[in-house]
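# Coordinates in review
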Amino acid sequence: MRVLPVAAMPASLEPFLSPYRGLPPHAWIQAVAGLVNRAGGAAKMFLPLYLRETVGLSIEQVGWLLATYGAGLLLGAYLFGSLSDRLAPRRVMTLCFVGNGLSLLLLAGSWPVPLVAVWLVLSGLFEGGMRPVNQRLLLESCEPAIRPRAHGLYRVLINLGWAIGGLVSGLAAGWDYRAVFIGDGLATFLALAWFHYGYRRWPQPETAATATEVTAAPKDGGSPWRDPAFLLLMASCLALAMAYDQMYGMFGTFLREHYRLAPIWFGALFTLNGTLIVLCQGLVSNWVSRLGLWRAASWGTVLMTFCWLLLPLGQGATTAVLVMVLLTIGEMLHSPAEISLVMQLSEGRARGRYLGIYMAVWGGRTLIAPAVGAQLYSRFGPTTLWLACAGCGVLSLLLRRAVQRRVECDRSHQAG
């Protein structure tokens, strides 16, 4: 398998890039495309402010329009993931790049509200579609043993891109919110140009040798909807996703009202999150390989569950920082392990649909998790919310353990 020579990278970057030594060129192509795409701007981060201040919508209208974007994400992940089983994934990825770039540029125009809703649905549709296809191209280029490291590389560059994009968008928003969407749209086309250049520069297909990879369930037409192990794993994902989303929802309000922290702390904690991922994901991905996928995913969930139990017991900045550090470590263990498990379960099946459902679960949580979290917080208090999050973490662990037992049982039957 051809690899990109990490040793040829600048010496100052060697400590950070050495964990990714040995990854094939196509893994780097996908990860760098994600970096370029995110570095050009973070338009969705400024979407509520844009709709409120530039378009002049009420808070209620903003909420409904954001929901249309979330619905597009949910639909796009499954639709384009499934499409990648019928068409070449690279063609599907190109379609998603073009569609997302055009929809972002259209959002920079002056349109009636119904057309704004259409552009938001299309933007969500194509952005959601990029996620499973990107992961498919990224991980199928790798041997199963190095997939956690490939996913770790992707997470590092995506977080680096978010850091750059947040700064770029913040500067552009100070001039005109529409410039944020233009910059983000142009970056999407720049990422597309790199994507095509990369595949021309390294044209040989990088197909992983997965013949030794054990399929966890019997072949039954390849549909994920007929795979009990996968559906149980998705139930585990949904439980954890509902809890994890509260860190983007009610966490900031909780820090303000109960830890008495200034708003700047909320931003600083997520800066800490991104910085830790950039600096440490490679090391943690190596832990995933040593622990094994099931144990790594479980330990990641345990750490996140502990954080939600700790939140109502602590106080002040020290607890907030500790929670974010432990949560980030848990996230770094869980994410590459879980998507590698999805790749295993989808071996020999309709992989695009498997990845589409997985991405739809994580993206679609935004349709229900914020409302549920806000209701629990306002009606029963923050302690109830964080205990409910911890309960979701425990449920996720139990469901994943049931999946593991089923997979091991299937393996023993196949071996017999």
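All residue numbers refer to positions counted from 1 along the written sequence of the respective chain. Residue-level local features of this predicted model are given only where pLDDT is at least 70; pairs of side-chain atoms are given and counted only at 80 or more, and the full residue set underlies all totals for whole chains, interfaces and linings. Hydrogen atoms and water are omitted, and side-chain values are computed over all heavy atoms in the structure.

Looking at the secondary structure, you find Asn273 in helix α11 (residues 263–291). Exposed residues in this analysis have more than 50% of their type's maximum accessible area, buried residues have under 20%, and partly exposed residues fall in between, with area computed by a 1.4 Å probe over protein chains only. Under the relative-accessibility criterion, Asn273 is labelled buried at 6%. Two residues qualify as a contact provided that any one of their heavy atoms is within 4.5 Å of a heavy atom in the partner residue. Beyond its immediate sequence surroundings of up to four residues, Asn273 is in contact with Asn159, Met324, Thr328 and Glu331. Strands here mean DSSP runs of E at least two residues long; helices mean DSSP runs of H or I at least four residues long; both are numbered from the N terminus.

By salt bridge we mean one thing: a side-chain nitrogen of Lys or Arg within 4 Å of a carboxyl oxygen of Asp or Glu. One pass over the structure, following the stated rule, counts eight salt bridges. Linking Glu140 and Arg136 is a salt bridge whose minimum nitrogen-to-oxygen distance equals 3.3 Å. Of the two residues, Glu140 and Arg136 are both situated in helix α6 (residues 113–140); the distance of four residues between them amounts to about one turn of the helix. Relative accessible area serves as the criterion here: at 25%, Glu140 is assigned to the partly exposed category.

Turning next to helix α5 (residues 89–107). For α5, spanning 19 residues, the distance from its first C-alpha to its last is 27 Å, which sits close to the expected 27 Å at 1.5 Å a residue. The complete set of buried residues in α5 reads Pro89, Val92, Met93, Thr94, Cys96, Phe97, Gly99, Asn100, Gly101, Ser103, Leu104 and Leu107. An expected span of 1.5 Å times one less than the residue number is assigned to each helix.

Pairing of aromatic rings covers Phe, Tyr and Trp, the last counted by its six-membered ring, and requires centre-to-centre distances within 6.5 Å; plane angles under 30 degrees mean stacked, over 60 mean edge-to-face, and any other angle means tilted. In this structure the tally under the stated criterion is eleven aromatic pairs. Between Phe97 and Phe195, the ring centres sit 5.7 Å apart and the planes meet at 55°, which makes this aromatic pair tilted. Note that Phe97 is positioned in helix α5 and Phe195 in helix α8 (residues 177–201), a separation of 98 residues in sequence. Note on accessibility: Phe97 and Phe195 belong to one class, buried. Where Phe195 meets Tyr199, the ring centres are 5.0 Å apart and the plane angle is 65°; that geometry is what we call edge-to-face. Of this pair, Phe195 and Tyr199 are both found in helix α8, four residues apart, which corresponds to roughly one turn of the helix. For Tyr199, a relative accessible area of 5% translates into the label buried. Ring pairing ties together the aromatic residues Phe251, Phe254, Tyr259 and Trp386, which thus form one cluster.

Time to look at the nonpolar core. The criterion is simple. A nonpolar core is a set of buried Ala, Val, Leu, Ile, Met, Phe, Trp, Tyr and Cys residues joined through side-chain atoms within 4.5 Å. One finds Met234, Trp308 and Trp386 to be the most contacted residues of the largest nonpolar core, which totals 74 residues. Examining the composition of this core, we find that 13 residues originate from one element, helix α13 (residues 316–345), more than from any other. Here Trp308 is in contact with Leu240, Ala243, Tyr244, Met247, Leu327, Trp386, Cys389 and Ala390, once residues within four sequence places are set aside. In terms of nonpolar packing, the next biggest core, distinct from the first, is built from 23 residues, Leu47, Tyr50, Leu73 and Trp119 among them.

Another point: the side chain of Ser335. In this structure, Ser335 sits in helix α13. Aside from chain neighbours lying at most four places away, what touches Ser335 is His151, Arg155 and Tyr358.

Here we come to the confidence of the model for the chain. The predictor rates its confidence in each residue with pLDDT, a number between 0 and 100. This prediction gives the chain a mean pLDDT of 83; 88% of its residues lie at or above 70. Mean pLDDT in the chain bottoms out at helix α1 (residues 14–17), which sits at 56, and peaks at helix α12 (residues 293–310), which reaches 95. Note on residues 5–10: pLDDT under 50 across the span, and ten contacts to partners over four residues away in sequence or across chains. Counting interchain partners and residues more than four positions distant, the pLDDT-below-50 stretch residues 206–220 has 44 contacts.

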